[in-house]
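Residue-level listing of the chains:
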Amino acid sequence: MAVFTPKFITFDCYGTLINFDMAGAARRCYTDRVGADVMPAFITDFARYRLDEVLGAWKPYYDIVSGALQRTCKKWGVEWKPEDSDFIYADCKTWTAHPDVPEGLRKIAPTIPLVLLTNSMDDLIPHHVPRLGAPIHMTITAEETGAYKPKMQGFEYMLNKLGCGPEDILHVSSSLRYDLMTAHDMGIKNKVFVNRGHEPGCPEYGYTEIKDISELPGVVGL
């Protein structure tokens, strides 16, 4: 992608900027009930069920996590307890930014407004924004939009709230399935895939690939 100076840089938050450690939370919660040999598959199913849960009608993220967890436990014949969902949701509040994030964002924030479009809740995201280490122009949660990514509704809401078109933004994410495929379908030409290794790439969706946020300033000529 040639150097492009957008009106806004829009970001996925969890996974892209914040170290999304749902796998670690599940490991810590179920270490006494799920064997080490099957734990990776258990965690993979937990991720797949979370994606399936967000595709339905909007509900609080706690219910997304809990529903996915119950379905995973049922599949694997593992006892689920209500306190398991409490533990994992509470663990979310402890997550911190990837080490590369604060410096990379600080180089951009004085020049280009930074916007978060996140599958978060209004009461959860305040734990994480201060850990990003740079000024955030606007934060838009799934609770505000009434929909979770990968649905288009959140992107539509964001563009309307920013008062701009798809051609005016650069969208940044470490997930094709949650963000970049939808951004492509929305006509957002300028996209960055932060390859943190948790999803395979697919260059046909037309993005610039970087290894972490330290490379993002160079993408926009800073």
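Remember, predicted model here, so these are calculated numbers, not experimental data. One numbering rule holds for all chains: residues counted from 1, following each sequence as written. Given that this is a predicted model, residues contribute local features only at a pLDDT of at least 70 and side-chain atom pairs are listed and counted only at 80 or more, while totals for whole chains, interfaces and linings are drawn from all residues. Working from all heavy atoms in the structure, the side-chain values ignore hydrogens and water.

Caption draft 1: Examining the pairing of strand β2 (residues 114-118) more closely. Here β2 lies mainly inside the structure; five of its five residues are buried. At least two bridges found by DSSP between two strands is the condition for calling them paired. Only DSSP runs of H or I reaching four residues or more are called helices, and only runs of E reaching two or more are called strands; each is numbered from the N terminus. As paired elements, strand β1 (residues 8-11) and β2 share three bridges and run parallel to each other. Counted as the bridge partner of F11 is L116 from β2. Whether a residue is buried, partly exposed or exposed follows from its accessible area with a 1.4 Å probe, protein chains only, as a fraction of its type maximum: under 20%, in between, or over 50%, in that order.

Caption draft 2: Inspection of helix α5 (residues 101-108) at higher detail. Among the residues making up α5, those that are buried are V101, P102, G104, L105 and I108. On an axial view of α5, the arc spanned by its buried residues comes to 165°, and they lie on one face. Arc definition: directions from the helix axis to the C-beta atoms.

Caption draft 3: Here's a closer look at helix α8 (residues 176-185). Listed as buried for α8 are L176, D179, L180, T182 and A183. Residue contacts are counted whenever heavy atoms from the two residues lie within 4.5 Å of one another. Where α8 is buried, its residues meet α7 (153-162), β4 (169-173) and β5 (191-194). The N-terminus of α8 is capped by S175, whose side-chain oxygen sits 3.4 Å from the backbone nitrogen of R177. A positive backbone phi angle near 85° is found at G187, which sits one or two residues after α8. What qualifies as a polar contact is a pair of N or O atoms within 3.5 Å, subject to a donor-acceptor requirement within protein and to the restriction that residues adjacent in sequence count only when both atoms come from side chains.

Caption draft 4: Representation of the packing of aromatic side chains. Side-chain rings of Phe, Tyr and Trp (the six-membered ring for Trp) are treated as a pair once their centres are within 6.5 Å; stacked means planes under 30 degrees apart, edge-to-face means over 60, and tilted covers the remaining angles. Under the defined criterion, the tally for this structure stands at eight aromatic pairs. On the basis of an interplanar angle of 55° and a centroid distance of 5.3 Å, the ring pair of Y30 and F42 is categorised as tilted. Placement of Y30 in helix α1 (residues 22-30) and of F42 in helix α2 (residues 39-54) is noted, with a sequence separation of twelve residues between them. For Y30, a relative accessible area of 0% translates into the label buried. Aromatic ring contacts, followed pair by pair, group Y14, F20 and W95 into a single cluster. In our convention, an over-ring charge means Lys NZ or Arg CZ found within 6 Å of a ring centre and within 35 degrees of that ring's normal. Sitting over the ring of F46, R50 keeps its end group 4.5 Å from the ring centre.

Caption draft 5: Examining the packing of helix α3 (residues 61-76) against helix α4 (residues 82-92) more closely. Two numbers describe how α3 lies on α4: the axes approach to 9 Å, and their chain directions differ by 125°. Here α3 is positioned oblique relative to α4, judged by the angle of their axes. Crossing handedness for the pair α3 and α4: right-handed. Contacts from Y61, Y62, V65, S66 and L69 of α3 reach α4 at P82, D84, S85, D86, I88 and Y89. Per-class residue counts for the contact of α3 with α4 are seven nonpolar, two polar and two charged. Note on geometry: axes are lines fitted to C-alpha atoms, helical ones only across the stretch in contact, with angles between N-to-C directions running from 0 to 180 degrees. Angle categories: roughly parallel below 35 degrees, roughly antiparallel above 145, roughly perpendicular from 65 to 115, and oblique for all the rest. By convention the crossing between two helices is left-handed if the near helix lies anticlockwise of the far one by an angle smaller than a right angle, and right-handed if it lies clockwise. Residues are sorted three ways: Asp, Glu, Lys and Arg are charged, Ala, Val, Leu, Ile, Met, Phe, Trp, Tyr, Cys and Pro are nonpolar, and all the rest, Gly among them, are polar.

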